[in-house]
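Structure at a glance
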Amino acid sequence: MATQNLIAPGAPGIAPRWASSAKSGVGTAIREESRVWFTVSHGIVNEVYYPRLDQANTRDLGFIVTAGATFFSEEKRHASSQIEPLAQGVPGYCLTNTCLEGRYRLNKTIITDPQRDALLQRVRFEPLNGTLADYHLYVLLAPHIGNCGYGNDGWAGEYKGLPMLFAQRGGLFLALACSIPFAAMSCGYAGVSDGWQELNTHRRLSNTYSQAANGNIALTGEINLTASHGGFTLALAFGVSANEAGQLARAALLRDFDQAENEYVRGWQDYQARCLALGQVNASGFDPYRVSTAVLKTHEATIFPGALIASLSIPWGMTKGDEDLGGYHLVWPRDLVESAGALLAAGDVGGARQTLFYLMCTQEADGHWPQNMWLDGTPYWYGVQMDETAFPILLADLLRRADALDGLDPWLLVRRAAAYLVANGPATPQDRWEEDGGFSPFTLAVEIAALLAAADFFEQAAEKDAAEYLRQTADIWNDHLEQWTYVTDTELAQQLGVAGYYVRIAPLETEFAPSPATGFVPIKNRPPENSNAPAGHIVSPDALALARFGLRAPDDARLVNTVKVIDALLKTETATGPVWHRYNEDGYGEHADGSPFDGTGSGRGWPLLAGERAHYELMAGKRAAAVRLLHVMEAQASPGGLLPEQVWDAPDIPALELFNGCPAGSAMPLVWAHAEYIKLLRSLRDERVFDLPPQTVERYQRQGITSTRTSWRFNHKCRAIPVGKVLRLETLSPCRIHWSVDAWRSVTEVETADTHLNVHFADLSTALLPPQTTIVFTFFWLEAQRWEGVNYEVTINP
């Protein structure tokens, strides 16, 4: 007989950690009445989110089986697991967990209640050796309410006579109840007095505790196998009080499970019926396309329609505590727009439009978006990435060209974002991987495409002068792409037999000089700080964005050369197909011995990059190669069809669950990867890249437009311009420019023009000046009525 105690000993428990990111399933009811999301890994429920996608409230919820004095089995460690969808495209699951010793089997159906804030599991315990009477079954729940493992209160109680286990922290409550009342309940501190410790030591709850306050706690309930005949339902419900959570748990249990399941399935099937039919079921038993559309919608917030977080997982969660959730339960504007484009590609026009509306609601007053943010728009990281300001313009343009705005007017969004781009571009403080700042091919491609798309909106709004300025700025930046990011005659180029290649990112301090062969090439190209790579040797698949966004043809010799370098440095063959790393010297990933990333590590291959490469191959007319890479992405998914952020591309380490070509320990699912997969399917069906901006293709590939200008601005002070170019000076305030071409013997003055985009400019008449002319200039600031006090120089070179 268990000894009942009041207060559990061992406060506050061991340091809390999160669960593995190796998810096999994610799910939620598609109805707005349910504000609960769940994840599945290793055959059990892990994080459960309520009332928002960015708020996890549990670490995990699984079962322990004991028998006699010797048998102890925790299903997540001591059972094999198989997962099946309730139906294709429905993120509800049937799990079959079979004891590795052949003693028992657990069959579970997992959904959320479509009508209330509750998670439901219908469970059947089957003895494979012996009878029900030989076993004891316990459910173990680790609350981590409000994204915190510490500071949780737990207690054993009841609601209207039904025994329940409760927990609360910070005004949020949860209740765990069983359709067959628990035979015993206990609350304890993790690692000291929790149910796992009791069962591992005694094979039964020899001591039970009714309260565990302010700590890392665990709740344990014994299932009455005899009374349930091995079949029962668990409800985990949430509320703003214990009674609310208890009432919702009891209501969820009183409702017929089959009815709840049928309603859950119908809701998702109705959604999937509105999407295009682009996929098919593969050997995994899942349709990867339907999995992907469900993943995207599962990651959408209920009370913030159109907002999708990056992932319902915590990379290397088993090593992360309260202090380090990571940035994946947040909205990243770049990932969000990529996902919205995928929704549109799948036929979910309304979903894509909702995302644009959400971006309209969360745009900062100056026109940019935070690097990432909570669902309500509160910034999390305060870095600035220029592509994340450019991408929403491209989404607005994509919807406009599809005639899918349906009364939604994104004009103010486009105007503010375009103004921010021209005032703060072209270089970015950080690249798309949130790391080094400078000139990035990817960011430049997105910025230039966005400026041209924005110009169309300005034209439509009868702001023709501003539209012309945006196009001129795009032309200037496009002309400088090679100057800023393409290197020639490096040691690496010589080794690989290519003339040159695009670098991942060129530091802002890079100096440039003209070259008769290419116009401009760097004369000093320093690698990012903390890199041991030789100058000019940091490369990335990001250069493929120049084709993806229409700035360069896929058969452009410079891109072809870069692809050779990318494959030489970044491509790895795995058991499931090729993968590409983000860039050489990347340190984001497990260490060589398989230990988790801890701020340092070794970069691993990204399935997302296989999708981007497939789009490049399709553009290059190599459809078969694109199809092969589509199947590589499918092969690198989890058993439930979820695409990981990275795959393990080294020899197997079974003890760490690392297998070549299979998901590694980073985020899974990565919503961005699923978005790329959907767009790739649509692109293959249409025989063209779905989200390719037409403006860049028309202007730079078909018309071959180049700029007659070179710009100088305070955030990028060019030191030389080619002969025949006009020098455009751009400032953020109105001014009078005082300039000379003969060492101040004669002086010309010109006032800047207002673009009405937070930028003022003046074009100096330098196109006819001979080589070696030095242009000297300074500024008189009209609003402040003062001189700059510094002279600047630009030299005209051949």
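The shown structure was predicted, so the numbers you read here are calculated from the model rather than taken from an experiment.

This part takes up the sheet that holds strand β31 (residues 760-764). Taken in spatial order, the four strands make up an open sheet running β25-β27-β31-β30, and their pairing is mixed. Strands at the two margins of the open sheet, each flanked by one partner only, are β25 (709-713) and β30 (753-754). Across five bridges, strand β27 (residues 726-731) lies against β31 in antiparallel orientation. Looking at the pairing, Glu730 lines up with Phe761 of β31. Packed onto the sheet, helix α12 (residues 464-479) meets β25, β27 and β31 and runs at close to 95° relative to β25.

Take the pairing of strand β32 (residues 774-781) next. Summarising burial for β32: seven of the eight residues are buried, a large majority. Bridge count for strand β28 (residues 735-740) against β32 is six bridges, and the pairing is antiparallel. Within β32, the residue paired with Ile737 across the bridge is Phe779. Note: β32 against strand β33 (residues 786-787), two bridges, orientation antiparallel. Across the sheet, the residue bridging to Trp781 is Arg786, located in β33.

In an α-helix, one turn spans 3.6 residues; hence positions three or four apart end up facing the same way. Look at helix α16 (residues 557-570): 19 Å from first C-alpha to last across 14 residues, which is about the 20 Å you get at 1.5 Å a residue. What α16 keeps buried is the set Leu559, Asn561, Thr562, Val563, Val565, Ile566 and Leu570.

Turning our eyes to something else, we now look at the nonpolar core. If you look at the biggest cluster of nonpolar residues, it comprises 221 residues, and the most contacted ones within it are Ile223 and Phe549. When residues of this core are assigned to their parent elements, the largest contribution, 14 residues, is made by helix α11 (residues 441-460). Apart from residues lying up to four places away in sequence, Ile223 is in contact with Phe63, Leu137, Val139, Cys178, Phe182, Ser228, Phe232 and Leu234. Core analysis: the second largest hydrophobic core is formed by 18 residues, Trp712, Ile721, Leu729 and Ile796 among them.

The pairing of strand β23 (residues 571-574) with strand β24 (residues 577-580) spans four bridges and is antiparallel. Along β24, the bridge assignment pairs Lys571 with Trp580. Between β23 and β24, which pair antiparallel and follow one another directly, the connecting turn spans two residues.

Checked against the element boundaries, Glu590 lands in the loop between β24 and α17 (607-619). No salt bridge is formed by the buried Glu590. Its closest oppositely charged neighbour is Arg604, at 4.3 Å.

Here the focus is the packing of helix α7 (residues 333-345) against helix α9 (residues 386-401). Between α7 and α9, whose axes approach to 8 Å, the crossing angle comes to 15°. Between α7 and α9, the interaxial angle falls into the category roughly parallel. In this structure, the crossing between α7 and α9 has a hand that is left-handed. For the pair α7 and α9, contact is made by Pro333, Arg334, Val337, Glu338, Ala340, Gly341 and Leu344 and by Asp387, Glu388, Phe391, Pro392, Leu395, Leu398 and Leu399, respectively. Class assignment for the residues of the contact of α7 with α9 results in nine nonpolar, one polar and four charged.

With that settled, consider the side chain of Asp348. Mapped onto the secondary structure, Asp348 falls in the loop between α7 and α8 (349-362). The class of Asp348 is buried, set by a relative accessible area of 11%. Excluding residues that lie within four positions of it along the chain, Asp348 makes contacts with Tyr271, Lys297 and Leu343.

With that out of the way, let us pick up α7. Taking 1.5 Å per residue, 13 residues should reach 18 Å; α7 reaches 18 Å between its end C-alpha atoms and fits that length. Of all 13 residues in α7, 13 are buried, a share of seventy percent or more. Once α7 ends, the next one or two residues include Gly347, with phi positive near 100°.

So, about the packing of aromatic side chains. One pass over the structure, following the stated rule, counts 35 aromatic pairs. Measuring from centroid to centroid gives 5.1 Å for Tyr50 and Phe238, while their planes differ by 20°, and the two rings are stacked. Of this pair, Tyr50 sits in the loop between β4 (44-49) and β5 (58-67) while Phe238 sits in strand β18 (residues 231-239), placing them 188 residues apart in sequence. Tyr50 gets classed as buried once you look at its relative accessible area, which sits at 2%. Every member of this aromatic cluster is reached through a ring pair, and the members are Trp712, Phe714, Phe777, Phe779, Trp781 and Tyr792.

Of the consecutive residues Ala11 and Pro12, the connecting peptide bond is found in the cis state with omega at 0°. You can see Pro12 is positioned in the loop between β1 (3-7) and β2 (25-27). Note that the residue after Gly425, namely Pro426, is joined by a cis bond; omega there is 5°. Within the fold, Pro426 resides in the loop between α10 (411-424) and α11. Even without a glycine there, the phi angle at Gln772 is positive, about 75°. Summarising the element assignment, Gln772 is placed in the loop between β31 and β32.

This prediction gives the protein chain a mean pLDDT of 93; 95% of its residues lie at or above 70. The model gives residues 509-536 a pLDDT under 50, and that stretch makes 55 contacts with residues more than four places away or in other chains.

Contact pair helix α5 (residues 257-274) / helix α6 (residues 288-298): the axes reach a minimum separation of 11 Å and the direction vectors enclose 110°. With respect to α6, the element α5 is oriented roughly perpendicular. Handedness of the crossing formed by α5 with α6: right-handed. Together, Trp268, Tyr271 and Gln272 of α5 and Arg290, Thr293, Ala294, Lys297 and Thr298 of α6 make up the contact between the two elements. In terms of residue class, the contact of α5 with α6 is made up of three nonpolar, three polar and two charged.

Before going further, it helps to examine the pattern of salt bridges. All told, the structure shown has 50 salt bridges when counted by the stated rule. Asp60 is paired through a salt bridge with Lys76; the nearest N and O atoms lie 2.7 Å apart. In this pair, Asp60 is assigned in strand β5 and Lys76 in helix α1 (residues 75-78), connecting sequence segments 16 residues apart. The same class applies to Asp60 and to Lys76, which are both buried.

With respect to the element layout, Arg103 can be found in the loop between β8 (93-99) and β9 (104-112). Put simply, Arg103 and Pro127 are 24 residues apart on the chain and 6.2 Å apart in space, counted from C-alpha to C-alpha. Not counting residues up to four positions away in its chain, the partners in contact with Arg103 are Ala67, Phe71, Glu126, Pro127, Leu128, Asn129 and Tyr135.

Thresholds, definitions, all that
- Counting restarts for each chain, with residues numbered from 1 along the sequence as it is written.
- This being a predicted model, a pLDDT of at least 70 is required before a residue's local features are given, and a value of 80 or more before pairs of side-chain atoms are given or counted; all residues contribute to the totals for chains, interfaces and linings.
- Only hydrogens and water are removed before side-chain values are computed, so all heavy atoms of the structure are retained for them.
- DSSP calls a pair of strands paired once it identifies at least 2 bridges connecting them.
- A helix here means a DSSP run of H or I that spans at least four residues, while a strand means a run of E at least two residues long, and both kinds are numbered starting from the N terminus.
- Note on contacts: a residue pair is in contact if any heavy atoms of the two residues lie within 4.5 Å.
- Helix axes are fitted only over the stretch in contact, all axes being lines through C-alpha atoms; the angle between N-to-C directions runs from 0 to 180 degrees.
- Partly exposed describes any residue whose relative accessible area lies between the buried limit of under 20% and the exposed limit of over 50%, with all areas from a 1.4 Å probe on protein chains only and scaled to the type maximum.
- Given the number of residues in a helix, its expected span is that number minus one, multiplied by 1.5 Å.
- Here, the term nonpolar core denotes a set of buried Ala, Val, Leu, Ile, Met, Phe, Trp, Tyr and Cys residues that are joined through side-chain atoms within 4.5 Å.
- Positive charges are assigned to Lys and Arg, negative charges to Asp and Glu, while His and the chain termini are left out of the count.
- The salt bridge criterion pairs a side-chain nitrogen of Lys or Arg with a carboxyl oxygen of Asp or Glu, the two atoms within 4 Å.
- In this scheme, roughly parallel covers angles under 35 degrees and roughly antiparallel covers those over 145, while 65 to 115 is roughly perpendicular and the rest are oblique.
- Crossing handedness is read from the near helix: turned anticlockwise from the far helix by less than a right angle, it gives a left-handed crossing, and turned clockwise, a right-handed one.
- By the convention adopted, Pro, Cys, Tyr, Trp, Phe, Met, Ile, Leu, Val and Ala count as nonpolar, Lys, Arg, Asp and Glu as charged, and the other residues, Gly among them, as polar.
- Each pair of aromatic rings taken from Phe, Tyr and Trp, with Trp reduced to its six-membered ring, is defined by centres within 6.5 Å and is described as stacked if the planes are under 30 degrees apart, edge-to-face if over 60, and tilted in the remaining cases.
- For every residue, the predictor reports its confidence as pLDDT, a number between 0 and 100.

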